[in-house]
Amino acid sequence: MSSPTIIDGRKVSKDIKNEIAEKVEKLKAEGKRPPHLAIIIVGDDGASHTYVNGKINACKAVGFDFTLMHFASTISEEKLIKHIEQLNEDEDIDGFIVQIPLPEHISVEHITERIAPLKDVDGFTNQNFGSIMSSHQLLLPATPFGVMELIRRYEIPTEGKNCVIVGASRIAGAPLSLMMLQDGRATVTVCHKLTKDLKSHTKEADILVVAVGKPGLITKDMVKECAVVIDVGTTRVEDASRKSGFRLAGDVVYDEVAPIASYITPVPGGVGPMTIASLLLNTFKAYERNH
Ligand code: GUN
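Residues numbered from 1 in each chain as written. Predicted model: local features only at pLDDT ≥ 70, side-chain atom pairs only at ≥ 80, totals over all residues. Heavy atoms only, no water.

**Here's the deal with the overall build of the protein chain**
Next up, step 1: For the protein chain, the helix and strand inventory stands at 10 helices and 11 strands.
Next up, step 2: For 291 residues, the compact-globule formula gives about 19 Å, and the C-alpha radius of gyration of the protein chain, at 19 Å, lands near that figure.
Next up, step 3: When its C-alpha atoms are laid out on the principal axes, the protein chain stretches across 55 × 40 × 40 Å.
Next up, step 4: The 291 residues of the protein chain split such that 47% are buried.
Next up, step 5: Taking the intrachain contacts of the protein chain between residues at least 6 apart in sequence as the baseline, contacts between residues at least 24 apart amount to 70%.
Next up, step 6: Carbon and sulfur atoms make up 51% of the accessible area of the protein chain, which totals about 14300 Å². (Helix = DSSP H or I, 4+ residues; strand = E, 2+ residues; numbered from the N terminus. Rg over C-alpha atoms; globule rule 2.2 N^0.38 Å. Buried < 20%, exposed > 50% of the residue type's maximum accessible area, 1.4 Å probe, protein only. Contact = heavy atoms within 4.5 Å. Areas by Shrake-Rupley, 256 points an atom, 1.4 Å probe, with all protein chains shown as cover.)

What follows is the structure, encoded as structure tokens:
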């Protein structure tokens, strides 16, 4: 058994940020304003605040302007929609996101569909989602776009390969299946909660992508020799030895799967950093369209 190539999402993400920072510097030198991202966060979910802080730090690092709008978890859906409509109209804002999860009384679908597609830098609206299958792709969802960018930058062939995606969420698995089909020209299987005999599918994968959020789900016996393994899972698990009290765990049992994989993404440091890089790329794209 040889050791796999470890896909370094931190490095790729850093490269992308450097590329964006250079472009922003150029804009500023020309006297133009930089791209401006707004972030709405509702409530006090610790993990969401950590993710949002990461997004803000990334904006700072590349020279984007940013606006953080934090609302109490008691805000009504109606009021939140008013804020979204204001952002839709605001010419100084190129793009914005509403951090998920939202409190139970607010429908993610209602909120998402009020975001102007050209400002939807998460790529969550139906229009942007549907554009994955078009020759004029608009703003693409960050997580699957990040996965595709890793595959592209590592020059991993996808055409005609068996790509098995475990997890059919609207944020990751479902849009990734379309990108793998449209851009990757792969043979795509999507597995989800109701899939019977998961292993019979995963075992056939040349490229296995797992986006469930269940640490330990994918063990060595479920993976084909020399498969490309992409782990999108990032679950906080208690870890008393850490200062924070937790660590991030993927869905793949890394130590036993890595020795038989050809490529593998670690958690953390694989797909995670790419989602923020994709958000920055989308914000830059929205800015360019705006100007
Ligand atoms: N919650 C988890 N991932 C995401 C994401 O990519 N965007 C938003 N808005 N919320 C999230």
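**Section: the packing of aromatic side chains**
Next up, step 1: The final tally for this structure, using the stated rule, is one aromatic pair.
Next up, step 2: Centre to centre, the rings of Phe284 and Tyr287 are 5.9 Å apart; their planes meet at 40°, and the pair counts as tilted. You can see Phe284 and its partner Tyr287 sitting in helix 10 (residues 272-290), three residues apart, about one turn around the helix.
Next up, step 3: Residue Phe284 is classed as buried on the basis of its relative accessible area of 7%.
Next up, step 4: For Tyr287, a relative accessible area of 3% gives the class buried.
Next up, step 5: Sitting over the ring of Phe129, Arg170 keeps its end group 4.5 Å from the ring centre.
Next up, step 6: When the ring centre of Phe246 is taken as reference, the NZ or CZ atom of Arg236 above it lies at 3.9 Å. (Phe/Tyr/Trp six-rings, centres within 6.5 Å; stacked < 30°, edge-to-face > 60°. Lys NZ or Arg CZ within 6 Å of the ring centre and 35° of its normal.)

**Quick notes on the side chain of Asp231**
Next up, step 1: Turning to its location among the elements, Asp231 is positioned in strand 8 (residues 228-231).
Next up, step 2: As a buried residue without a salt bridge, Asp231 has its nearest oppositely charged side chain in Arg247, at a separation of 10 Å.
Next up, step 3: Reaching out from Asp231, the side chain makes a polar contact with the backbone nitrogen of Val252 at a distance of 3.0 Å.
Next up, step 4: Asp231 has contacts with Val210, Gly250, Asp251, Val252, Thr265, Val267 and Val271, leaving out every residue within four places of it along the chain. (Lys, Arg positive; Asp, Glu negative; His and termini not counted. Salt bridge = Lys/Arg side-chain N within 4 Å of Asp/Glu carboxyl O. Polar contact = N/O pair within 3.5 Å; in protein donor to acceptor, adjacent residues only side chain to side chain.)

**Re the packing of helix 2 (residues 46-62) against helix 10**
Next up, step 1: Across the interface, helix 2 lies against helix 10 with an axial gap of 10 Å and an inter-helix angle of 55°. Considered as vectors, helix 2 and helix 10 are oriented oblique to each other. In this structure, helix 2 meets helix 10 at a crossing whose hand is right-handed. Contact with helix 2, carried on its side by Gly54, Lys55, Ala58, Cys59 and Val62, involves Ile276, Leu279 and Leu280 of helix 10 and no other residues of that element. (Axes fitted to C-alpha atoms, helices over the stretch in contact; angles between N-to-C directions. Parallel < 35°, antiparallel > 145°, perpendicular 65-115°, else oblique. Left-handed = near helix turned anticlockwise from the far one by under 90°.)

**Here we look at the environment of Pro117**
Next up, step 1: Of note, Pro117 is situated in the loop between helix 4 (108-112) and helix 5 (126-130).
Next up, step 2: As for Pro117 and Ala72, which are separated by 45 residues in sequence, their C-alpha atoms are 26 Å apart.
Next up, step 3: Residue contacts for Pro117: discarding those within four places in its chain leaves Thr125, Gln127, Asn128 and Leu139.

**Considerations on the pairing of strand 5 (residues 162-166)**
Next up, step 1: Counting buried positions along strand 5 yields four of five residues, so the element is predominantly enclosed.
Next up, step 2: As paired strands, strand 5 and strand 6 (residues 187-191) are joined by five bridges and run parallel to one another. Residue pairing across strands places Val166 opposite Cys191, the latter belonging to strand 6.
Next up, step 3: In this view, the connection linking strand 5 to its parallel neighbour strand 6 by way of helix 7 (residues 173-182) has right-handed handedness. (Pairing = 2+ DSSP bridges. Right-handed = clockwise from strand over helix to strand, strands pointing away.)

**With respect to the site of the ligand**
Next up, step 1: Residues in contact with the ligand, as listed here, are Lys55, Val98, Gln99, Ile100, Asp122 and Phe124.
Next up, step 2: Between the ligand and the protein, one listed contact pairs a nitrogen atom with a backbone N or O atom of Ile100 at 2.8 Å.
Next up, step 3: Isolated, the ligand exposes 280 Å² of accessible area, and the fraction of that covered by the protein chains is 81%.
Next up, step 4: Looking at the shell around the ligand residue by residue, the class counts come to three nonpolar, one polar and two charged. (Near = heavy atom within 4 Å. Nonpolar A, V, L, I, M, F, W, Y, C, P; charged D, E, K, R; others polar.)

**Some points on helix 10**
Next up, step 1: Taking 1.5 Å per residue as the helical rise, helix 10 with its 19 residues ought to reach 27 Å, and the 28 Å between its terminal C-alpha atoms agrees with that figure.
Next up, step 2: Residues of helix 10 that are buried include every one of Met274, Ile276, Ala277, Ser278, Leu279, Leu280, Asn282, Thr283, Phe284, Ala286 and Tyr287, and no others.
Next up, step 3: Buried-residue contacts for helix 10 involve helix 1 (9-29), strand 2 (36-42), helix 2, strand 4 (95-98) and helix 6 (142-153). (Expected span 1.5 Å × (residues − 1).)

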